[in-house]
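Here are the chains, one letter per residue:
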Amino acid sequence: MAAEKSLSETPATHDYAGGWITEKADSPVPPFLRICYVVIASACVAYLIMFMYGEVGHSERGPLVKQFNQTTFTNETLMYTIAAMAAAFFVGVSIFAAKNPHD
């Protein structure tokens, strides 16, 4: 019985997704994960902006993609709004990860 700990000595845990994810109370977000949020978010937003009209710079497919874009009337404002929404989401996630949610 000495090996068993009482419930008051064990840290509180929160189970998510039916027990697939377990979080211990007062456990900080690792620094590498915080950096990953910023790097992945930046890469996603950059990719979205660079390729929002397709691969128009490609030597073989580029003219076909440009013709398709002219036919379908791609909305530039909508595309930049979606990129801004993605950037705002990732800023919110980064802020959430930076602060301690257990306070």
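Q: Provide a residue-level description of the pairing of strand E1 (residues 13–16), including the pertinent values.
A: Bridge count for E1 against strand E2 (residues 21–24) is 4 bridges, and the pairing is antiparallel. Across the sheet, residue Tyr 16 finds its bridge partner in E2, namely Ile 21. What sits between E1 and E2 in their antiparallel hairpin is a turn of 4 residues, with Ala 17 showing a positive phi close to 55°.

Q: So what about the packing of aromatic side chains? Which residues, and what values?
A: Two descriptors summarise a pair of aromatic rings, namely the distance from one centre to the other and the angle between the planes of the rings. As enumerated under the stated definition, the model contains 2 aromatic pairs in all. Taking the centre distance of 5.3 Å and the plane angle of 65° together, the rings of Phe 89 and Phe 90 count as edge-to-face. For Phe 89, a relative accessible area of 52% gives the class exposed.

Q: Break down the packing of helix H1 (residues 31–50) against helix H3 (residues 76–98) for me, with residues and values.
A: It is the contact of H1 with H3, at a shortest axis distance of 10 Å, that shows an interaxial angle of 180°. With respect to H3, the axis of H1 lies roughly antiparallel. On H3, the residues that touch Arg 34, Tyr 37, Val 38, Ala 41, Cys 44, Val 45, Leu 48 and Ile 49 of H1 are Tyr 80, Ile 82, Ala 83, Ala 86, Ala 87, Phe 90, Val 93, Ser 94, Ala 97 and Ala 98. Of the residues assigned to the contact of H1 with H3, the class counts are 16 nonpolar, 1 polar and 1 charged.

Q: Help me get a handle on the pattern of salt bridges, residues and values and all.
A: Per the counting criterion, the structure on display carries 1 salt bridge. Taking the shortest distance from any N to any O, the salt bridge between Arg 61 and Glu 55 comes out at 3.1 Å. Note on Glu 55: relative accessible area 34%, which makes it partly exposed.

The rules behind the values
Residues numbered from 1 in each chain as written. Predicted model: local features only at pLDDT ≥ 70, side-chain atom pairs only at ≥ 80, totals over all residues. Heavy atoms only, no water. Pairing = 2+ DSSP bridges. Helix = DSSP H or I, 4+ residues; strand = E, 2+ residues; numbered from the N terminus. Phe/Tyr/Trp six-rings, centres within 6.5 Å; stacked < 30°, edge-to-face > 60°. Buried < 20%, exposed > 50% of the residue type's maximum accessible area, 1.4 Å probe, protein only. Axes fitted to C-alpha atoms, helices over the stretch in contact; angles between N-to-C directions. Parallel < 35°, antiparallel > 145°, perpendicular 65-115°, else oblique. Contact = heavy atoms within 4.5 Å. Nonpolar A, V, L, I, M, F, W, Y, C, P; charged D, E, K, R; others polar. Salt bridge = Lys/Arg side-chain N within 4 Å of Asp/Glu carboxyl O.

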